[in-house]
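Fold and geometry: a report
Here is how the chains run, residue by residue.
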Amino acid sequence: EAQVTQNPRYLITVTGKKLTVTCSQNMNHEYMSWYRQDPGLGLRQIYYSMNVEVTDKGDVPEGYKVSRKEKRNFPLILESPSPNQTSLYFCATRTAYNEKLFFGSGTQLSVL
Amino acid sequence: GQQLNQSPQSMFIQEGEDVSMNCTSSSIFNTWLWYKQDPGEGPVLLIALYKAGELTSNGRLTAQFGITRKDSFLNISASIPSDVGIYFCAGQIALGGATNKLIFGTGTLLAVQP
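The notes below deal with the structure included here.

Conventions used here
Residues numbered from 1 in each chain as written. Chains lettered and ligands numbered in written order. Predicted model: local features only at pLDDT ≥ 70, side-chain atom pairs only at ≥ 80, totals over all residues. Heavy atoms only, no water. Phe/Tyr/Trp six-rings, centres within 6.5 Å; stacked < 30°, edge-to-face > 60°. Lys NZ or Arg CZ within 6 Å of the ring centre and 35° of its normal. Pairing = 2+ DSSP bridges. Helix = DSSP H or I, 4+ residues; strand = E, 2+ residues; numbered from the N terminus. Axes fitted to C-alpha atoms, helices over the stretch in contact; angles between N-to-C directions. Contact = heavy atoms within 4.5 Å. Buried area = accessible area lost by both parts, 1.4 Å probe. Salt bridge = Lys/Arg side-chain N within 4 Å of Asp/Glu carboxyl O. Disulfide = S-S within 2.5 Å. Buried < 20%, exposed > 50% of the residue type's maximum accessible area, 1.4 Å probe, protein only.

Turning our eyes to something else, we now look at the packing of aromatic side chains. Enumeration over the complete set of coordinates arrives at nine aromatic pairs over all chains. Grouped by ring-pair contacts, the aromatic residues A:Tyr35, A:Phe90, A:Phe103, B:Tyr35 and B:Phe104 constitute a single cluster. Taking the ring centre of A:Tyr31 as reference, the NZ or CZ of A:Arg94 above it sits at 3.8 Å.

All names here are of chain B. An order of S1-S3-S8-S7-S6 is seen for the five strands of this open sheet, with the pairing classed as antiparallel. What marks the edges here is a single partner per strand, and that holds for strand S1 (5–7) and strand S6 (55–58). Each strand of the sheet is rotated relative to its neighbour by a mean of 15°, with strand direction disregarded. Note: S1 against strand S3 (residues 19–24), three bridges, orientation antiparallel. Paired with Asn5 across the two strands is Thr24, which belongs to S3.

Before going further, it helps to examine the interface of chain A and chain B. Listed as interface residues are 20 residues of chain A and, on the opposing side, 23 residues of chain B. Across the chain A/chain B interface, buried area totals approximately 1,600 Å², and carbon plus sulfur atoms make up 53% of it. Three residues, A:Leu43, A:Asp59 and A:Glu99, lead the burial of chain A against chain B; their summed loss comes to 32% of the area buried on that side. Put simply, chain A and chain B have one salt bridge between them.

Considering all chains together, one arrives at two disulfides over all chains under this definition. Each sulfur in the disulfide pair A:Cys23 and A:Cys91 lies 1.9 Å from the other. Disulfide A:Cys23 to A:Cys91: torsion about the S-S bond roughly -70°, handedness left-handed. Taken together, the residues A:Cys23 in strand S3 (residues 19–25) and A:Cys91 in strand S9 (residues 87–94) connect sequence positions 68 residues apart. Here the two residues A:Cys23 and A:Cys91 agree in accessibility, since each one is buried. Between the sulfur of B:Cys23 and that of B:Cys89 lies a disulfide, 1.7 Å long from S to S. Between B:Cys23 and B:Cys89 the sulfur-sulfur dihedral comes to about -85°; the bridge is accordingly left-handed. On the criterion of sequence distance, the pair formed by B:Cys23 in strand S3 and B:Cys89 in strand S9 (residues 85–96) is long-range, its members being 66 residues apart. B:Cys89 carries the same exposure label as B:Cys23, and that label is buried.

Moving on, we come to the pattern of salt bridges. Residue and element names in this part refer to chain A. Counting across every chain of the model gives eight salt bridges over all chains. Of the charged contacts, one joins Glu79 and Lys18 as a salt bridge, the two residues approaching to 3.9 Å between their closest N and O atoms. A residue pair is termed long-range when its members are at least 10 positions apart, and Glu79 in the loop between strand S8 (76–78) and S9 and Lys18 in the loop between strand S2 (10–13) and S3 qualify at 61 residues. Exposure remark for Glu79: the relative accessible area of 36% places this residue in the partly exposed category. Judged by relative accessible area, Lys18 falls into the exposed class, the value being 52%. Here Arg36 and Asp38 are joined by a salt bridge, their closest N and O atoms 2.8 Å apart. On the basis of relative accessible area, Arg36 is assigned to the buried category, the value being 9%.

Interpretation note: all reported values are geometric properties and have no functional meaning in isolation.
Listed below in structure tokens is the structure:
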């Protein structure tokens, strides 16, 4: 079954404590991306990757890092989380030349 | 970053009613997509539109690519309780070369009273 798997689903942490949200896909998609969803703001892109070892900033990259060492994995790293990063995060993937995104189930992050 | 203006922000309707929502922008898009997000899940693609004026249906859902290429509309006929969720439009814009960018609307929250 085609899947985009995010972990964890829920995370509560404190300001400044480094964390990583993992994303894995089994569809051999070249393109992977991270979004955050906030009330009234819709989905905003944080970072994206066109392929292995190729990453680019999206619209709201401040405070985040990503890496793409393997095609299937695209972790999102918060080196020093702050309360304004409390949000619902989604990983999404697609093939290189198709606009149709497949989303994971989301990670609800709370930074206290 | 760019965003699409999606309206209404929320709708509370009775089962059986029809629903309309739309997205507008000052930018021209080459593709429009409509997604639905069920509670506790990620968005799932409903309909994709590829040319101006295109009208496409998926069951009780019908979406249109606006003639000006700056807007899109989604209609749901005879709503049922499982239509509850957040609906997002997304427009694809060409950045140059083979690079495109997908921009999401702010979402429409739909609640259906049985």
